Amino acid sequence: MKDIEKIPAAFDPATGRMDGVPLTQRFLHDLRGCFRDTAAFEKAAAEGNPLIYTVAGVEPAAGDGDLHYGVGMIMPGRIGDEYYMTKGHLHSWRDAAEVYCGLAGDGMMLLEDEDGGNSRMVPLGEGKVVYVPGRTAHRTMNTGTVPLTYIGVYPAKAGHDYAAIAQRNFSCVIVERDGKAVMLPGEKTR
Ligand code: PA5
Ligand code: MN
């Protein structure tokens, strides 16, 4: 607790970086199973392994009332008609909610209930805030032409549970149609 004042407070909304904070990098090959269009994924993965997104994670303390936060940056791009996206997860402590604030760029969040129902597409970008309720799977995608950066704040005890999504993926996908993001029922990707 006593070191909280020493946590770097500055982030760059253009890059999503914070000096002195661990940076998680996710590359295309890390996202196998996320994209519905497996042929487009395999073709792109054979051609290269671009950086898709980064998260600078700040975890000052882990008490009952503490908060963690991450500054995320998703690159612009698509695999087939699906936008570059995060893996997506539920919180290990299912009741934990999260607030996302958009810092730069344009994107969408895909929210679904724990059982894969009640899919909804919510805009996240500069000047937009998204409240992710507890028991809600969440995935973020960049629908624009410049990096999407955002900050997500959640209870320190939330934890990230990727297992359910890795097994069944989201029920819906967000794809580009005539220059716009639309949500469609997805097929299982694995
Ligand atoms: O905690 C969050 O919800 C975010 O900081 C995410 O970790 C970030 O968007 C990256 O997504 P994911 O954890 O699904 O890879
Ligand atoms: Mn989360």
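See the structure above.
Values in this document were obtained by computation on a predicted structure and should not be read as measured data. (Residues numbered from 1 in each chain as written. Chains lettered and ligands numbered in written order. Predicted model: local features only at pLDDT ≥ 70, side-chain atom pairs only at ≥ 80, totals over all residues. Heavy atoms only, no water.)

Caption draft 1: Looking closely at the environment of proline 147. Within the secondary structure layout, proline 147 lies in the loop between strand S11 (136–142) and strand S12 (148–155). The exposure class assigned to proline 147 is partly exposed, which follows from its relative accessible area of 25%. A C-alpha to C-alpha distance of 9.4 Å links proline 147 and proline 13, two positions 134 residues apart in sequence. Not counting chain neighbours up to four residues away, the residues in contact with proline 147 comprise Ala14, Met73, Ile74, Met75, Pro76, Ala104, Gly105 and Asn142. (Helix = DSSP H or I, 4+ residues; strand = E, 2+ residues; numbered from the N terminus. Buried < 20%, exposed > 50% of the residue type's maximum accessible area, 1.4 Å probe, protein only. Contact = heavy atoms within 4.5 Å.)

Caption draft 2: Examining the site of ligand 1 more closely. Around ligand 1 there are 13 residues in total, and Tyr53, Tyr100, Tyr150, His160 and Tyr162 lie nearest to it. For ligand 1, an oxygen atom lies 2.9 Å from a polar atom in the side chain of histidine 89. The side chain of tyrosine 150 places a nitrogen or oxygen atom 2.6 Å from an oxygen atom of ligand 1. Contact with the protein chains removes 96% of the 370 Å² of surface that ligand 1 exposes when unbound. Among the elements of the structure, strand S2 (51–58), strand S7 (98–104) and S12 are those that each provide at least two residues to the shell around ligand 1. (Near = heavy atom within 4 Å. Polar contact = N/O pair within 3.5 Å; in protein donor to acceptor, adjacent residues only side chain to side chain. Areas by Shrake-Rupley, 256 points an atom, 1.4 Å probe, with all protein chains shown as cover.)

Caption draft 3: Just the coordination of the manganese ion (ligand 2), in detail. For the manganese ion (ligand 2), the full set of protein donor atoms is His89 (NE2), His91 (NE2), Glu98 (OE) and His138 (NE2), at a range of 2.1 to 2.3 Å. Taken in sequence order, the residues that donate to the manganese ion (ligand 2) follow the motif H-x1-H-x6-E-x39-H. (Donors = N, O, S within 2.8 Å, 3.2 Å for Na, K, Ca; no water.)

Caption draft 4: The pairing of S11, seen in detail. In terms of burial, S11 is a largely internal element, 7 of the 7 residues being buried. Alternating positions in S11 separate into two faces, Thr136, His138, Thr140 and Asn142 on one and Ala137, Arg139 and Met141 on the other, with burial throughout. By the bridge criterion, 7 bridges tie strand S8 (residues 106–113) to S11 in an arrangement that is antiparallel. Each residue of the ladder has a partner; that of glutamate 112, found in S11, is alanine 137. (Pairing = 2+ DSSP bridges.)

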